[in-house]
Amino acid sequence: MIPASAVRRFTFAFGAAFALFYVVARLRGLALFTVYPAQSIVLLGMHRSRDFADPVLDFLAPEMYWYGWTASAAVCALVIGLIAGLLPDRLNWFWAWCVWIIPPMAMAACIYLTIPWFRL
Amino acid sequence: MATTLLILHGLVAVALIGAITHQALATCAPPNAKPNSFFGRFRAIPAAGFANAIVLLYLTSWLLGAVVYLYFKVDIQPTLERDRHWHAMGFLDLKEDFVVIGLGVLPAYWFCWRGTDNSQHHHLRAALTILLAFIVWWSFIVGHVMNDIRGFGS
């Protein structure tokens, strides 16, 4: 039986780390895999259609990174969550503070990253 | 297939928005509302009982949305780009970002609502519930606009 305090630390750290690493993955293009829905292909890592084909043919093989960013963030958050679960109880306040503060800040960062769409 | 999934996605989202709105208001609204008023009855629900359903609905909605997104990328996005719906694309980008951040917060949200000790994590529980409610409302509105974009504002 896992103690409730360890589950608490895990869930709080997971939520905070997930938001943080999602923004980092989005900012740095750290996708665990790339999905090409038109071809039903999944490639490990981040790939751009224009690296393989002429940029004007980009629309024939649109790539999707969102799934890869999510997977990257989930893996990193899982590691942080497991580490947090092993740490002592006295750090509970820190993880609660993190899960309170970091997700809204990550959302604000995502708004900033989306600004280019609104300048077109 | 895509249409069926999109309708299912919409139906799950309707259930989710109802549940999360009930819970958010029950958590945050002042308890001194008149008991027989609409608002009083609206907030007088056992909010903790909604948590498991909200987690399940959020996950189902996310999964359906993730599948529908594949069809969107191939069949719809090129048309939107051709028609220069850049703002709509930006709002959809924000929707996918917010939804994923909400997905990460879901375990913490579930933990805050589990158990019988309602005094613990009260502020954090309220904050996470409001955050999820905002994400669900944002996603619902953006998804609805995207679904109707060929007629919306044209």
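Scroll up for the structure.
(A) Seen up close, the overall build of chain B. A count of helices and strands for chain B gives 5 helices and 0 strands. Along chain B, helices (α) and strands (β) appear in the sequence α-α-α-α-α when read from the amino end. Evaluated residue by residue, chain B yields a buried proportion of 32% over its 154 residues. A fraction of 75% describes how many contacts in chain B between residues 6 or more apart in sequence connect residues 24 or more apart.

(B) How the structure looks around the packing of helix H1 (residues 4-28) of chain A against helix H4 (residues 86-113) of chain B. Where H1 of chain A contacts H4 of chain B, the two axes come as close as 8 Å, and the packing angle between them is 170 degrees. By the criterion of interaxial angle, the relationship of H1 of chain A to H4 of chain B is roughly antiparallel. Contacts between H1 of chain A and H4 of chain B pair Val 7, Arg 8, Thr 11, Phe 12, Phe 14, Gly 15, Phe 18, Ala 19 and Tyr 22 of chain A from the former with Val 100, Ile 101, Gly 104, Val 105, Pro 107, Ala 108 and Phe 111 of chain B from the latter. Classifying every residue of the contact of H1 of chain A with H4 of chain B gives 12 nonpolar, 3 polar and 1 charged.

(C) A look at the environment of Phe 38 of chain B. Residue and element names in this part refer to chain B. Checked against the element boundaries, Phe 38 lands in helix H2 (residues 38-43). Looking at Phe 38, the number of C-beta atoms within 10 Å reads 9, which means it is exposed. Between the alpha carbons of Phe 38 and Trp 62 there is a distance of 31 Å; along the sequence they are 24 residues apart.

Thresholds, definitions, all that
- Residues numbered from 1 in each chain as written.
- Chains lettered and ligands numbered in written order.
- Predicted model: local features only at pLDDT ≥ 70, side-chain atom pairs only at ≥ 80, totals over all residues.
- Helix = DSSP H or I, 4+ residues; strand = E, 2+ residues; numbered from the N terminus.
- Buried ≥ 20, exposed ≤ 12 C-beta atoms within 10 Å, placed from the backbone.
- Contact = placed C-beta atoms within 7 Å.
- Axes fitted to C-alpha atoms, helices over the stretch in contact; angles between N-to-C directions.
- Parallel < 35°, antiparallel > 145°, perpendicular 65-115°, else oblique.
- Nonpolar A, V, L, I, M, F, W, Y, C, P; charged D, E, K, R; others polar.

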